[in-house]
Amino acid sequence: MEIPNDSGAKKPKRLTSVVWNHFERIRKADICYAVCVHCNKRLSGSSNSGTTHLRNHLIRCLKRSNFDVSQLLAAKRRKKDNTVSLANISFDEGPRKEEYVKPTFVKFEQEHKKDEMINYVSGKFDQERSQLDLARMIILHGYPVTVVEQVGFKVFVKNLQPLFEFLPNSGIEISCLEIYRREKEKVYEMINKLCGRINLSIEMWYSTENSSYLCLSAHYIDEEWKMRKKILNFLTLDSSYTEDLLPEVIIKCLDEWDIDCKLFALTLDDCSVDDDITLRIKERVSEKRPFLSTRQILDVRSAAHLISSIVQDAMDALHDVIQKIRESIRYVKSSQEVQGKFNEISQRAGINSQKTLYLDFPLHWKS
């Protein structure tokens, strides 16, 4: 049986890897090269060399306009040992080890629109969008603005995206204010479209540095009959602030949001606030909205603040007893020897509880 000689001629092997979409295979003499179509860099294109070095080049190629490397990374096998020792971490530009990256969609909040969803799988690099994402991260986690100036953060970001341009603290602050402006516009439009009424809660905050803060929150029921809460204003009151100025500050906030026509009730957390203050607020609202009478706006005192005031009065009456208990607990926990004697006396008294003594936190009466 004769075999035709033409079967011995081998057809060129088909290039199936996705990396060849970014390289042109050129053969010179007996040597095969792979030329990057973005930067024209020449690499080995031999079938014996594989495609790992080509993937690595595409990840680092700075002249690529599209940084969609998820297919390249997904083709890599997951490393068996993912443990990284802190002692071996360096900030050099040596070879990097890629791992399988699962495509992930991230939303900062449920109310984000679909077009605002962050997609890590594909898309061109956007400096402005990345800058806003950095500002959102700082707001979301309460990071200091100075985090953008830390060396470790800069190295980390540059390794992820070399094209990202760092901005000074003032630039990040501008981005944070821009996000605040956008979110405020969303809340403003939502409240204006609201068909129901709004209950405005007024809370006073005090810090250990004798600073005062005023928080105004809107409580309402949405179209799906769910209770909602939105913080409208959180203001810092200067040292010259007096209670007589409280109505003026609140009225200014109401004018800013244009919600006096939707106002149903005022809830104040401080039971010591004079009734004249609430009456002045009602009168100012009625002046702007003549069809509203002062009787149509309810003023309610916070039940939680009332309970807290009752407890504080009781604890003030028991101050001497509570102080003695605190000093006794401090003495028992002062050393292991004293703690052992206390446990021995507890057993003699027939107390077999497994609970331990601990000091309360004076600023939180619930403790």
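Scoring rules and cut-offs
- Residues numbered from 1 in each chain as written.
- Predicted model: local features only at pLDDT ≥ 70, side-chain atom pairs only at ≥ 80, totals over all residues.
- Heavy atoms only, no water.
- Patch = residues over 30% accessible without salt bridge, like charges linked within 9 Å, V, L, I, M, F, W, Y side chains within 5 Å.
- Areas by Shrake-Rupley, 256 points an atom, 1.4 Å probe, with all protein chains shown as cover.
- Salt bridge = Lys/Arg side-chain N within 4 Å of Asp/Glu carboxyl O.
- Helix = DSSP H or I, 4+ residues; strand = E, 2+ residues; numbered from the N terminus.
- Buried < 20%, exposed > 50% of the residue type's maximum accessible area, 1.4 Å probe, protein only.
- Pairing = 2+ DSSP bridges.
- Axes fitted to C-alpha atoms, helices over the stretch in contact; angles between N-to-C directions.
- Contact = heavy atoms within 4.5 Å.
- Parallel < 35°, antiparallel > 145°, perpendicular 65-115°, else oblique.
- Nonpolar A, V, L, I, M, F, W, Y, C, P; charged D, E, K, R; others polar.
- Core = buried A, V, L, I, M, F, W, Y, C linked by side-chain atoms within 4.5 Å.

This next bit is on a nonpolar patch on the surface. Taken together, the side chains of Trp205, Ile231 and Phe234 define a hydrophobic patch exposed on the protein surface, amounting to about 340 Å² of accessible area. By the element assignment, Ile231 lies in strand β8 (residues 227-237). Exposure remark for Ile231: the relative accessible area of 54% places this residue in the exposed category.

A sheet is described by the order of its strands in space; here 3 strands give the open sequence β1-β2-β3, paired in antiparallel fashion. At either margin of the open sheet sits one strand with a lone partner, and together these are β1 (23-28) and β3 (42-44). In this sheet, neighbouring strand axes are inclined to one another by 35 degrees on average, regardless of whether the strands run parallel or antiparallel. Of the strand pairs in this sheet, strand β2 (residues 31-36) and β3 are connected by 3 bridges, and their pairing is antiparallel.

What follows deals with the pairing of β8. Note that strand β7 (residues 212-221) and β8 share 10 bridges and pair antiparallel. The partner of Leu214 across the bridge, within β8, is Leu235.

This next bit is on the sheet that holds strand β6 (residues 198-206). Sheet architecture is open: 5 strands sit in the order β8-β7-β6-β9-β10, paired in mixed fashion. Lying at the two open borders of the sheet, with one neighbouring strand each, are β8 and β10 (298-301). Averaged over neighbouring strand pairs, the angle between their axes works out to 20 degrees when direction is ignored. Looking at chain direction, strand β9 (residues 263-268) and β10 are connected through 4 bridges and run parallel. Bridge pairing in β10 links Leu266 to Asp299. Strand contacts of helix α6 (residues 246-257): β6, β7, β8 and β9, with the helix running at about 130 degrees to β8, the strand carrying the most contacts.

Relative to the elements of secondary structure, Cys261 occurs in the loop between α6 and β9. Linking Cys261 and Arg197, residues 64 residues apart in sequence, is a C-alpha distance of 8.5 Å.

It is worth spelling out the packing of helix α3 (residues 127-141) against helix α5 (residues 169-192) at this point. At a minimum axis separation of 9 Å, α3 and α5 run at an interaxial angle of 80 degrees. Put simply, α3 runs roughly perpendicular to α5. Contacts between α3 and α5 involve Gln131, Leu132, Leu134, Ala135, Arg136, Ile138 and Ile139 from the first element and Gly171, Ile172, Ser175, Cys176, Ile179 and Arg182 from the second. Here the residues of the contact of α3 with α5 are counted per class, giving 8 nonpolar, 3 polar and 2 charged.

With that out of the way, let us pick up the environment of Met227. Note that Met227 resides in strand β8. On the basis of relative accessibility, which here comes to 61%, the residue Met227 falls in the exposed class. The residues touching Met227, leaving out its near neighbours within four places in the chain, are Tyr220 and Ile221.

With that settled, the discussion passes to the nonpolar core. Counting 27 residues, the largest nonpolar core has Leu200, Leu214, Leu232, Ile250 and Leu254 as its most contacted members. Looking at this core, the elements that each hand over two or more residues are α5, β6, β7, β8, α6, β9 and α7 (275-288). For this core, the leading source of residues is α6, giving 6 residues. With residues near it in sequence (within four places) discarded, Leu214 still touches Ile202, Glu203, Met204, Asn233, Phe234, Leu235, Leu237, Leu246, Val249 and Ile250. Listed in part, the 12 residues of the second largest apolar core include Leu132, Leu134, Ile172 and Ile179.

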